[in-house]
Amino acid sequence: MKSGFIWTLLKTVLGLSLVWSFSMADTSCLGFYKPSKLNESKISREIHFKNLNRSEYDVVIIGGGSAGLGSALDATTRGLKTLLVEADDFASETSSKSTKLLHGGVRYLEQLWTKLLTQREWDQTLYNLIRDALKERKTVIENAPNLAQPLALLTPIYSWAEVPYYWAGLKVYDLFAGKKGKLPNSHFISAEQIKKLYPQINANGLKGGVVYYDGQFNDSRLAIGLAKTAVANGATLLNHARVVGFEKEGEKIVGVQVKDMISGESYTVKSKTVLNATGPFADKLRQMDDPSVPAMISGASGTHLVLDKEFALPEAGILIPKTTDGRVLFVLPWEGKTLIGTTDSKSDVVEKPKTTEDDIAYLIKEVGQYLSQPITRADVKSYWTGIRPLVSDPSASDTAALARDHVINRNPKTGLITLTGGKWTTYRVMGEHAIDQVMTQLGLDPKAVSSKTDHLKLAGSANWSFDNYKTLMNQYKLPSDIAIYLNRIYAGEAKNLLDTYPQGHERMSEGLPFIWSEVYYAVHFESARSITDVLARRVRMATMDKLETKKVLDKVGKILAQELGWSEDQLKENLDKARVEFQIE
């Protein structure tokens, strides 16, 4: 690292006198809906199916990940008659396989300053991307406080020359957040303090570190919260419902053909607009609509590992800024475990990608250099791999360049709108921008009926407090770890869960806070229709511990068979599918 570059950056920060503008567009315009009481929301899949053939929608949204769910909530709260269909389960692909961080993009910040100081060029687009993500980071934390919280992240530094570089850069990160996105300020911490507070860190050659703040969240549970909030505000949401074709008048799309992947029944649904929000799979839908359109997506796979909690710092994560091959890795405390990730490799866009032993070995090796305690393969409790979309904007002048932000593309012949790219942090703004385009296509002024989601609490989170767990612990005689967990995951819905299924208050597995009542609740209140729906995205046991998941698999299957009326063949099919997806054969 060149010292001249470092000190130029430091002088730039210390002498910064620009006035930054963080004003955002007003989102308080007229709408048609008043927020519902959201403490006991329910996704009633079969009831929603009954009305499909008799309804015409303002917008059909295809894809039940973060982008689709954020768009559905935005659309329904603006008064649009909204249907969302998801071929598998809500957040079944990329949106449940993230690093669980809400962030502005430290790497983007480094790119911004490198460009400014070496090329004397200010990249306003990159600045806007960082600023908006930092603002949205705070918005997610405020709208779902039970599921998202600020998280301290320590960057250990092993070179004195790098101390001012990282300190200055992360001070700029604080500055860009502004008042609307502000979290606690970053600060330098000495090597002696790190050794005392965080003995997990490798102290050999350590010079100090910088602590900064981003957000952390439970991704699939946030997706379920978005789904329930959208339903409570009037949207129709269907998982395990695949769009198999489009209805057209001439070249224009006027509806979709939907197949119930559980019953096998088919439906024709009329809609004035259609939004494709299928993430890395968006090209398949675009080319089903119009085979002549060029592909705009390539895939990148990211693998994560889960270990026991002793490998993580207490209440803080570790940012490893540069691995031996130049990647960025995180070691994070998450849900009582240690989360490590992620790899970043070019990949084909496939459903349910498998984790390879090479990726597991890579993460163990790279992270092990920064920890005082060695990691072995036997320490790995769980792992998963997701595919994220790398997007080229077809409307951009340089179509080879990958978009750094989300992209909204409209086919002028057919009217299909596609939203892809972006990240969990900015799901709300992605939905807002996509529904602005939908409104325009409907002949409505998006400024007259603007987005309402900026300050909309998600289902169950109104009046949430961490201390509410004490009431659950006392009233239902629960162990403290279970009460804390239920309060965080279900918030205002926890009492409903416990009251409705009193027979299931027992722990599913020793050492984990999950209880059997959650399995019943997932089926009847959260539209879970498979073992993987329950254990991967409602009760997150498969994400945390594969061995414990294997132990409960048969019992969970029997409960679902009973509640959903499965035959022996259906039960076996579900168990086989779960073993393959969880890689626990």
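Reading the values: rules and limits
- Residues numbered from 1 in each chain as written.
- Predicted model: local features only at pLDDT ≥ 70, side-chain atom pairs only at ≥ 80, totals over all residues.
- Heavy atoms only, no water.
- Helix = DSSP H or I, 4+ residues; strand = E, 2+ residues; numbered from the N terminus.
- Rg over C-alpha atoms; globule rule 2.2 N^0.38 Å.
- Buried < 20%, exposed > 50% of the residue type's maximum accessible area, 1.4 Å probe, protein only.
- Contact = heavy atoms within 4.5 Å.
- Areas by Shrake-Rupley, 256 points an atom, 1.4 Å probe, with all protein chains shown as cover.
- Lys, Arg positive; Asp, Glu negative; His and termini not counted.
- Charge placed at Lys NZ, Arg CZ, Asp CG, Glu CD.
- 1 Å grid on protein atoms, 1.4 Å probe; cavity = no way out; pocket = protein on both sides within 12 Å on 5 of 7 lines; lining within 4 Å.
- Points joined across faces, edges and corners; volume = space filled by probe spheres on them.
- Nonpolar A, V, L, I, M, F, W, Y, C, P; charged D, E, K, R; others polar.
- pLDDT = per-residue confidence, 0-100.
- Core = buried A, V, L, I, M, F, W, Y, C linked by side-chain atoms within 4.5 Å.
- Phe/Tyr/Trp six-rings, centres within 6.5 Å; stacked < 30°, edge-to-face > 60°.
- Lys NZ or Arg CZ within 6 Å of the ring centre and 35° of its normal.
- Axes fitted to C-alpha atoms, helices over the stretch in contact; angles between N-to-C directions.
- Parallel < 35°, antiparallel > 145°, perpendicular 65-115°, else oblique.
- Left-handed = near helix turned anticlockwise from the far one by under 90°.
- Expected span 1.5 Å × (residues − 1).
- Salt bridge = Lys/Arg side-chain N within 4 Å of Asp/Glu carboxyl O.

S.K.: Mind showing me how you'd approach the overall build of the protein chain here?
M.R.: The secondary structure content of the protein chain amounts to 19 helices and 18 strands. Relative to the 2.2 N^0.38 estimate, which gives 25 Å for 585 residues, the radius of gyration of the protein chain is 24 Å and therefore close to what a compact globule would have. Projected onto its principal axes, the C-alpha positions of the protein chain cover 70 × 55 × 45 Å. With 585 residues in all, the protein chain has 59% of them scored as buried. For the protein chain, long-range pairs separated by at least 24 residues make up 73% of all intrachain contacts whose partners lie at least 6 apart in sequence. Within the structure as shown, the protein chain displays about 24200 Å² of accessible surface, and the carbon and sulfur contribution to it stands at 52%. The average position of the 72 basic charges and that of the 68 acidic charges among the side chains of the protein chain differ by 4 Å.

S.K.: Is there a simple way to think about unusual backbone geometry in this case?
M.R.: Most peptide bonds are trans, and most residues other than glycine sit at a negative phi. The residue after Gly 341, namely Thr 342, is reached through a cis peptide bond having omega 5°. Considering the arrangement of structural elements, one finds Thr 342 in the loop between strand 14 (337-341) and strand 15 (345-347). Phi is positive for Lys 100, close to 65°, though the residue is something other than glycine. Take Lys 100: it is sitting in the loop between strand 2 (82-85) and strand 3 (101-102).

S.K.: Looking at this structure, how should I read the environment of Lys 550?
M.R.: Among the secondary structure elements, Lys 550 is positioned in helix 18 (residues 546-564). Exposure remark for Lys 550: the relative accessible area of 49% places this residue in the partly exposed category. Sequence separation of Lys 550 and Leu 237 is 313 residues, and the distance between their C-alpha atoms is 30 Å.

S.K.: Explain the environment of Leu 571 to me, please; I cannot follow it from the model alone.
M.R.: Mapped onto the elements of the fold, Leu 571 is located in helix 19 (residues 568-582). Linking Leu 571 and Gly 245, residues 326 residues apart in sequence, is a C-alpha distance of 30 Å. Setting aside residues no more than four positions away along its own chain, Leu 571 makes contact with Gly 557, Lys 558, Ala 561 and Trp 566.

S.K.: I keep staring at empty space enclosed by the protein and nothing clicks. Help me out?
M.R.: Using a probe with the size of a water molecule, rolled over the atoms, empty space left in the structure can be pinpointed. All told, the structure shown has six cavities of 30 Å³ or more when counted by the stated rule. What the largest cavity holds in volume is close to 270 Å³. Around the largest cavity sit 19 residues that line it, and Lys 97, Tyr 383, Trp 384, Glu 581 and Phe 582 are the ones nearest its centre. If one sorts the elements of the lining of the largest cavity by residue count, strand 16 (residues 382-391) sits on top with three residues. Looking at side-chain class alone, the lining of the largest cavity contains six nonpolar, six polar and seven charged residues. Estimated volume of the second largest cavity: approximately 70 Å³. In terms of lining, the second largest cavity is formed by Asn 146, Leu 147, Arg 221, Ile 224, Gly 225, Lys 228, Ala 459, Ile 489, Tyr 490, Ala 491 and Glu 493. Going through the elements one at a time, helix 8 (219-232) and helix 13 (480-490) are the ones with two or more residues in the lining of the second largest cavity. For the lining of the second largest cavity, the leading source of residues is helix 8, giving four residues.

S.K.: Is there a simple way to explain the confidence of the model for the protein chain in this structure?
M.R.: Detailed reading of the predicted coordinates is not advisable wherever pLDDT falls low. Summarising the model, the protein chain shows a mean pLDDT of 91, and 91% of its residues fall at 70 or more. The low-confidence segment residues 397-401, where pLDDT is below 50, has seven contacts with residues more than four positions distant or belonging to other chains.

S.K.: How should the nonpolar core be read in this particular structure?
M.R.: Nonpolar side chains in soluble globular proteins generally cluster together in the buried interior. Formed by 150 residues in total, the largest nonpolar core has its most connected members in Leu 486, Met 508, Leu 535 and Val 556. Considering every element that reaches this core, the biggest residue donor is helix 6 (residues 162-177), with eight residues. If sequence neighbours within four positions are ignored, Leu 486 has contacts with Leu 472, Leu 478, Ala 491, Ala 494, Leu 498, Ile 515 and Glu 518. Judged by nonpolar contacts, the second largest core, of 19 residues, contains Val 85, Leu 238, Tyr 267 and Leu 285.

S.K.: Even after reading the chapter, I still don't get the packing of aromatic side chains, so can you show me in this structure?
M.R.: Describing an aromatic ring pair means giving the distance of the ring centres and the angle of the ring planes. Enumeration according to the criterion identifies 13 aromatic pairs in this entry. For the pair Trp 122 and Tyr 127, a centre-to-centre distance of 5.5 Å together with 45° between the ring planes defines the contact as tilted. When its relative accessible area of 31% is taken as the criterion, Trp 122 is described as partly exposed. Accessibility expressed as a relative area gives 3% for Tyr 127, which makes it buried. For the pair Trp 424 and Tyr 427, a centre-to-centre distance of 5.6 Å together with 75° between the ring planes defines the contact as edge-to-face. One aromatic cluster is present, built from ring pairs that chain together Trp 122, Tyr 127 and Phe 176. Over the ring of Trp 334 we find Lys 100; its NZ or CZ atom is 5.3 Å from the centre of that ring.

S.K.: Is there a simple way to explain the packing of helix 12 (residues 469-476) against helix 13 in this structure?
M.R.: In helix packing, the relevant descriptors are the interaxial angle and the interaxial distance, both defined with respect to the helix axes. For the pair helix 12 and helix 13, interaxial distance at closest approach is 8 Å and the crossing angle is 125°. In terms of orientation, helix 12 lies oblique with respect to helix 13. As helix 12 packs across helix 13, the resulting crossing turns out to be right-handed. Along the contact surface, helix 12 presents Tyr 469, Leu 472 and Met 473, while helix 13 presents Ser 480, Ala 483, Ile 484, Leu 486 and Asn 487. In the contact of helix 12 with helix 13, the residues fall into six nonpolar, two polar and no charged.

S.K.: It is not clear to me how the layout of surface pockets should be interpreted in this structure. Could you clarify?
M.R.: Estimates place the volume of the second largest pocket at around 930 Å³. Looking at the second largest pocket, it is lined by 28 residues, and the ones nearest its centre are Pro 333, Trp 334, Glu 335, Gly 336 and Arg 488. In terms of residue class, the lining of the second largest pocket is made up of 17 nonpolar, five polar and six charged.

S.K.: Even after reading the chapter, I still don't get helix 11 (residues 427-441), so can you show me in this structure?
M.R.: Think of an α-helix as 3.6 residues a turn; residues three or four steps apart then line up on the same face. Over its 15 residues, helix 11 extends 21 Å from the first C-alpha to the last, a length consistent with the 21 Å expected when each residue adds 1.5 Å. Those residues of helix 11 that sit buried are Tyr 427, Arg 428, Val 429, Met 430, Gly 431, Glu 432, Ala 434, Ile 435, Val 438 and Met 439. Positive backbone phi, at 85°, marks Gly 443, one or two positions downstream of helix 11.

S.K.: Before we go on, may I ask you to explain the pairing of strand 12 (residues 316-320) in this structure?
M.R.: Walk down a regular strand and you will see the side chains alternate between the two sheet faces. Counting buried residues in strand 12 gives five out of five residues, a clear majority hidden from the surface. Of the two faces of strand 12, the one holding Ala 316, Ile 318 and Ile 320 and the one holding Gly 317 and Leu 319 are both buried throughout.

S.K.: How should the pattern of salt bridges be read in this particular structure?
M.R.: Close approach of charged atoms allows side chains of opposite charge to pair. Tallied over the entire structure, the rule returns 44 salt bridges. Residue Arg 137 is joined to Asp 214 by a salt bridge in which the shortest nitrogen-to-oxygen separation is 2.7 Å. Remark: Asp 214 occurs in strand 6 (residues 208-217) and Arg 137 occurs in helix 5 (residues 124-143); sequence separation between them is 77 residues. Here the two residues Arg 137 and Asp 214 agree in accessibility, since each one is buried. Among the ionic pairs, Lys 470 bridges to Asp 467, the shortest N-O distance being 4.0 Å. A residue is classified by how much of its surface remains accessible, and Asp 467, at 43% relative accessible area, is partly exposed. Bridged by salt links that share partners, the residues Asp 89, Asp 533, Arg 537, Arg 538 and Glu 581 form one connected network.

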